[in-house]
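Listed below are the residues making up each chain.
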Amino acid sequence: MKKIIILCAILLTLGCASSGGNSIAEQRAEIMKMHNQVLVQFYKQYPYAEKELKQAPGYAIFSNAQVNVIFAAVGGGYGVAHNNRNGKNTYMNMGEGGLGLGVGVKDYRTVFIFKTAKAFTNFVEQGWTFGAEADAAAKASDKGGEYSGSATVGDITIYQMTDSGLAIQATLKGTKYWKKEQLN
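My aim in this report is to walk through the structure given alongside it, one point at a time. (Residues numbered from 1 in each chain as written. Predicted model: local features only at pLDDT ≥ 70, side-chain atom pairs only at ≥ 80, totals over all residues. Heavy atoms only, no water.)

Structural notes on the pattern of salt bridges
Line of reasoning, step 1. Under the definition given, this model contains three salt bridges.
Line of reasoning, step 2. Between E50 and K54 there is a salt bridge, and its shortest N-O distance comes to 2.7 Å. Pair noted here: E50 and K54 are both in helix α3 (residues 50-55), with a separation of four residues, about one helical turn.
Line of reasoning, step 3. E125 is paired through a salt bridge with K179; the nearest N and O atoms lie 3.1 Å apart. Here K179 lies in strand β6 (residues 156-179) and E125 lies in helix α4 (residues 117-125), a separation of 54 residues in the sequence.
Line of reasoning, step 4. Its relative accessible area of 26% is what places K179 among the partly exposed residues. (Salt bridge = Lys/Arg side-chain N within 4 Å of Asp/Glu carboxyl O. Helix = DSSP H or I, 4+ residues; strand = E, 2+ residues; numbered from the N terminus. Buried < 20%, exposed > 50% of the residue type's maximum accessible area, 1.4 Å probe, protein only.)

Below you can see the structure in the form of structure tokens.
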């Protein structure tokens, strides 16, 4: 069990550090490339949500990787929070840990749409979330499928799209989003 926890910690660290490039400009460019690719996928998968995203005070897009091993789940990733009012991007990291039943590994994208400026500011400045997650995914490239979808929590609508992986889980987890200071 100790080896599994160490492996999960390593994967979490790699997930947080994998925004690509060496220089600040290269890292920002890689994050924005992911952002743009996710927006294309998001608008295709949820066409009704495009107007909501564009009219919201802000939104955030994250690339995440998660490992589920029987009773534990850990994950990490990176992304950007975009303020629709002033056009400013805030580059961020994320890490998560949880307990529950699950097995597998998945690479997924998350889109947050903030319905109020206060919800957007709280996310960027404080970044904590806590929640329950249940999903199933079996996907490689364009093959396979997933069941995840969207949820509204207070003033935030959250969409999750699996890019690849094989996982089934039901977990309670905590997730921390924080500014990546060197990129802001």
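Overview of the side chain of S63
Line of reasoning, step 1. Within the secondary structure, S63 sits in strand β1 (residues 58-83).
Line of reasoning, step 2. For S63, the contacting residues outside a window of four places in its chain are M34, G76, G77, Y78, D107, Y108 and R109. (Contact = heavy atoms within 4.5 Å.)

Here's the deal with the environment of Q66
Line of reasoning, step 1. Along the chain, the position of Q66 falls in strand β1.
Line of reasoning, step 2. Here Q66 falls in the buried class, since its relative accessible area comes to 1%.
Line of reasoning, step 3. C-alpha separation for the pair Q66 and D107, spaced 41 residues apart in sequence, amounts to 6.5 Å.

Some words on the nonpolar core
Line of reasoning, step 1. Ranked by size, the top nonpolar core spans 21 residues in total, and within it I31, F42, L53, I61, V111, I113 and Y159 carry the most contacts.
Line of reasoning, step 2. When residues of this core are traced back to their parent elements, those giving at least two are α2 (24-45), β1, β2 (89-114) and β6.
Line of reasoning, step 3. Among the elements that make up this core, the one with the highest residue count is α2 (seven residues).
Line of reasoning, step 4. In terms of nonpolar packing, the next biggest core, distinct from the first, is built from 13 residues, A60, F62, M94 and I156 among them. (Core = buried A, V, L, I, M, F, W, Y, C linked by side-chain atoms within 4.5 Å.)

Examining the packing of aromatic side chains
Line of reasoning, step 1. As enumerated under the stated definition, the model contains 14 aromatic pairs in all.
Line of reasoning, step 2. Relative to F114, the ring of F112 lies with its centre 6.2 Å away and its plane at 10 degrees, an arrangement referred to as stacked. Like F112, the residue F114 is buried in the burial classification.
Line of reasoning, step 3. By the ring-pair criterion, three or more aromatic residues cluster together here, those being F62, F112, F114, F120, F123 and Y177. (Phe/Tyr/Trp six-rings, centres within 6.5 Å; stacked < 30°, edge-to-face > 60°.)

Brief notes about the pairing of β2
Line of reasoning, step 1. Where β1 meets β2, 24 bridges bridge the pair, whose relative direction is antiparallel. Paired with V69 across the strands is V103, a residue of β2.
Line of reasoning, step 2. The hairpin formed by β1 and β2 contains five residues between the paired strands, and G87 there has a positive phi angle of roughly 80 degrees. (Pairing = 2+ DSSP bridges.)

Some thoughts on α4
Line of reasoning, step 1. When we look at burial in α4, the residues that qualify are A119, F120, F123 and V124. Down the axis of α4, the smallest arc covering the buried residues is 130 degrees, so these residues share one side. Those residues of α4 that are exposed and aimed more than 90 degrees away from the buried face are K118 and E125.
Line of reasoning, step 2. Directly after α4, the chain includes G127, whose backbone phi takes a positive value near 70 degrees. (Arc of directions from axis to C-beta.)

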